[in-house]
Amino acid sequence: MKFTEGYWLRSERVTPFYASDAYFVDRIPNGVRILCPTKKINTRGDVLNLPTITLEFTSAGKNMIAVRSWHYEAYESGEARFPLNIEPCEVEVSINDDEIVMVNGKLSVKVDRKNFSYSFIAEGEILTTCGFRNLAYYQYDREISTMLPADNYFTENCKKYMVTELSLDPGECVYGLGERFTPFVKNGQSINTWNEDGGTSSDIAYKSIPFYMTNKGYGVFADHTGNVSFEVASDKVEYVGMSVPGEEIRYVFIYGPTLKEVIGSYTDLTGKPALPPAWSFGLWLSTSFTTDYDEGTTGSFIQGMADRDIPLSVFHFDCYWMKEFHWCDFEWDERVFPDVKAMLSRYHEKGLKICAWINPYIAQGTEFFREGVKGGYLLKRADGKGVKQVDTWQAGMGIVDFTNPEAKKWYLRKLKEVLDAGVDCFKTDFGERIPVDVVYHDGSDPVSMHNYYTYLYNEAVFGLLREVKGESEAMVFARSATAGCQKFPVHWGGDCSANYPSMAETLRGGLSFAMSGFSFWSHDISGFEYTAAPDLYKRWVAFGLLSSHSRLHGSTSYRVPWAFDEESCDVVRFFTKFKCSLMPYIYSKAVEAHETGIPVMRPMVFEYTEDPACRYLDMQYMLGDSILAAPVFNDKGTVDCYLPKGKWTHLLTEEKRDGGRFYKDRYDYFSLGLYAAPDSVIARGREDKRPDYDYEKNTVLHVYELSDGNSADCLIVNKRGEHANRITVSRNGDDLSVKSDSEMDGYTLCVHIEGYDIKEYALKGTEIKVAIR
């Protein structure tokens, strides 16, 4: 929120009180607390009629410092709180008349007592500073009191905000803050973390995450479930400003120094992602949204994919598996699906998994709605006049109150009936349209619950799937999210449109989402709204099948490839099989994400932070650490692709290229910018019919441009996500040394090094030398 009118003037609507002095200092467990008067204290009289801000620094974990600033100590906001894994470390605190220093691992905070400011410092470098007029309590739109004698007294009848601003250096770029479709680098943007259903073509987000990182190797997590307003080099271009309504602001400062370490610590704090099942990485096909379909239609789609030799892993039933005006009573529409269990059993026999669409809204006029009203399971009106109902989306719908344990049980019992019929997972749609003029069962503040609702919703559904299907089979396909929802994968990008600009903004959103702590992400291939031209469909297929998860889904038309042209069938087949063959590599990166929080799809700056050319790149990305993907975003088939330093190998053509520069290329529909990084080992399987197979059998280890004297390793996992083997390949001239933790019998080594023939070598045992000349 902007509180200034240029650098010199404040808004006339604002009465500010700035922390100006570190007056009293107290050591507290794992930290320090400072009383900050809002003007410099020079005489005893200065302490009268003066607000103060209390500033507290505590350890939140290794290289993490929690910062809490408040005006009124006894103010109770009632806000919902994120469940955080706070594991304080012992800290060192030193206090003298000039400064206060708290050291937590490699990270320290230093408070200047002479000219009030505080700085975060790591390994001798100042990372960022909160200084002159950067920590404040604002009263907004105060009213003059008519009850008090002096005309300079004001009532408390005004809005209150706490504000913190952290400095930015020249060249410092800010990333993250959720799945945002605006420019990838957030500098210059005003961002509110308020979830809304706004598509992919505006500054509105389905997934607002109050966390950002910068290329200086630190991150900031604002610990508020409600709206946090970020002014990113906007209100003050030298700072990131954070403001929240109320009397207190909290954030956690996280030091890396690498972005991978920042994400690792952030997901230590907010939760690691669950590991999605291997089958979920294959191709998904949907009924689409408002299309006409019945059992004959769905059966013909599934058979059509099989007839065209296109591997299909998941079939998704969108909203109209239920009757119109019945979303969601979770009753199959018997007019079009007369024998659900038999139908789904036949689909399972074909090797498919089944997904069904749901949301947390219950339409009136259904028996399920009446049960909810009678049981007190739906959100109540703030005026006390019954259940909160709206006509947006479904007529007279109510909203499940997940703060009520009995309401949660009631909702999940109904979902279990759907699972018992043969459904394997749920598309947990919506969760953003949550009103604030409501009353929750547990008394939670409804404003903070607006964003936090999606956490409770997805946590509940994911928990049911874990209970019924097992830990290794649980997954959802969610649209909305807040901090911590990475624990309940997968998420998809929402309602994009069938055009190239929307395809590009979709990728921007996914990259920002990855920089916000989320590891698994998908999008509607060829766009949700409208129907793509065959050209766009084929280009988006390549991008979609080089994402962690891949789904064909639309709004008013089917997304089966033969609805576009015959070549589309060939393109879908090619990239689906290609992804299946890459699954030993991709699933190892999924396991890495599960264990460390490092996303599968990664912005270039995430892997190559020190390369200035990578700071703004948002039309290419890394799939894991070894594959670079640059999709085509135009009907000319051209791509401008930047390759970092080193020698890169095109995965489909074997062309070698020197990095450190941009290349412009034109591709047919069966290709795109797709490169293996230098000094990498990429495990591939010989299976291309399904994503879930034995990744330890017939595995081919592709070694790309391993420099003399260097080593590269490769993790092999099984389809349950367990570590099966770790292989290290080292080069000494014309010889490669291959060492492994377990037997390599059945593995093959394939060398892709310039000057040498591309050749396969059989491996066995746990250590072997291979002469490649």
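Values in this document were obtained by computation on a predicted structure and should not be read as measured data.

Caption draft 1: Structural detail: the overall build of the protein chain. Along the protein chain, the regular secondary structure elements total 11 helices and 48 strands. Here the C-alpha radius of gyration of the protein chain, 28 Å, is about what a compact globule of 773 residues would show, namely 28 Å. By its C-alpha atoms, the protein chain is 85 × 70 × 45 Å across when sized along the principal axes. Looking at the protein chain as a whole, 62% of its 773 residues are labelled buried. In the protein chain, the share of contacts with a sequence separation of at least 24, taken over all contacts with a separation of at least 6, comes to 67%. Carbon together with sulfur atoms contributes 47% to the accessible area of the protein chain, which is approximately 29,000 Å² in total.

Caption draft 2: Geometry of the environment of Pro 257. Position of Pro 257 relative to the elements: it lies in the loop between β21 (248-255) and α1 (259-270). The exposure class assigned to Pro 257 is partly exposed, which follows from its relative accessible area of 32%. In this structure, the C-alpha to C-alpha distance between Pro 257 and Phe 462, residues 205 residues apart in sequence, is 33 Å. Residues in contact with Pro 257, not counting those within four places in the same chain, are Glu 123 and Gly 217.

Caption draft 3: Seen up close, unusual backbone geometry. Put simply, Gly 256 and Pro 257 share a cis peptide bond, and its omega is 15 degrees. Residue Cys 328 is bonded to the preceding Trp 327 through a cis peptide linkage, with omega at 0 degrees. The topology assignment puts Cys 328 in the loop between β23 (314-317) and α3 (340-349). Not every positive phi belongs to a glycine, and Asn 63 is a case in point at roughly 60 degrees. Relative to the helices and strands, Asn 63 resides in the loop between β6 (52-61) and β7 (64-70).

Caption draft 4: Examining helix α2 (residues 295-307) more closely. Under the 1.5 Å per step criterion, the end-to-end length of α2 is 18 Å for 13 residues, consistent within 8% with the ideal 18 Å. Taken together, the buried positions of α2 are occupied by Thr 297, Thr 298, Phe 301, Ile 302, Gly 304 and Met 305. Projected down its long axis, α2 carries its buried residues within an arc of 160 degrees, all on one side. In this structure, the buried residues of α2 make contact with β22 (283-286), β23 and α3. You can read the cap of α2 off the contacts: a side-chain oxygen lies 3.0 Å from the backbone nitrogen of Gly 296, and it is on Asp 294. Within two residues after α2, Asp 309 carries a phi angle of roughly 60 degrees, on the positive side.

Caption draft 5: Structural context of the packing of aromatic side chains. This model, assessed by the stated rule, comprises 60 aromatic pairs. Measuring from ring centre to ring centre gives 6.4 Å for Tyr 293 and Phe 337, while their planes differ by 45 degrees; the resulting arrangement is tilted. Residue Tyr 293 is found in the loop between β22 and α2, and its partner Phe 337 is found in the loop between β23 and α3; the two are separated by 44 residues along the sequence. For the pair shown, Tyr 293 and Phe 337 are each scored as buried. With 5.4 Å between their ring centres and 85 degrees between their planes, Phe 317 and Phe 337 make a pair best called edge-to-face. Highlighted residues: Phe 317 in strand β23 and Phe 337 in the loop between β23 and α3, separated in sequence by 20 residues. Each member of the pair, Phe 317 as well as Phe 337, carries the same accessibility label: buried. Residue placement shows Arg 773 over the ring face of Tyr 756; its charged tip is 4.3 Å from the ring centre.

Caption draft 6: View of the state of the cysteines. What the rule picks out here adds up to 0 disulfides. There is no disulfide at Cys 319, and the cysteine sulfur nearest it, in Cys 328, is 7.5 Å away. Judged by relative accessible area, which is 1%, Cys 319 ranks as buried.

Caption draft 7: Quick look at the sheet that holds strand β11 (residues 117-122). Here we have 5 strands laid out as an open sheet, ordered β8-β9-β10-β11-β12, and antiparallel in their pairing. Only two strands of the sheet have a single partner each, and these edge strands are β8 (92-95) and β12 (125-130). Sheet twist, expressed as the mean angle between neighbouring strand axes with direction ignored, is 15 degrees. Here strand β10 (residues 107-112) runs beside β11; their pairing, made up of 6 bridges, is antiparallel. If you follow Val 109 over to β11, its bridge partner there is Phe 120.

How each quantity is defined
Residues numbered from 1 in each chain as written. Predicted model: local features only at pLDDT ≥ 70, side-chain atom pairs only at ≥ 80, totals over all residues. Heavy atoms only, no water. Helix = DSSP H or I, 4+ residues; strand = E, 2+ residues; numbered from the N terminus. Rg over C-alpha atoms; globule rule 2.2 N^0.38 Å. Buried < 20%, exposed > 50% of the residue type's maximum accessible area, 1.4 Å probe, protein only. Contact = heavy atoms within 4.5 Å. Areas by Shrake-Rupley, 256 points an atom, 1.4 Å probe, with all protein chains shown as cover. Expected span 1.5 Å × (residues − 1). Arc of directions from axis to C-beta. Polar contact = N/O pair within 3.5 Å; in protein donor to acceptor, adjacent residues only side chain to side chain. Phe/Tyr/Trp six-rings, centres within 6.5 Å; stacked < 30°, edge-to-face > 60°. Lys NZ or Arg CZ within 6 Å of the ring centre and 35° of its normal. Disulfide = S-S within 2.5 Å. Pairing = 2+ DSSP bridges. Axes fitted to C-alpha atoms, helices over the stretch in contact; angles between N-to-C directions.

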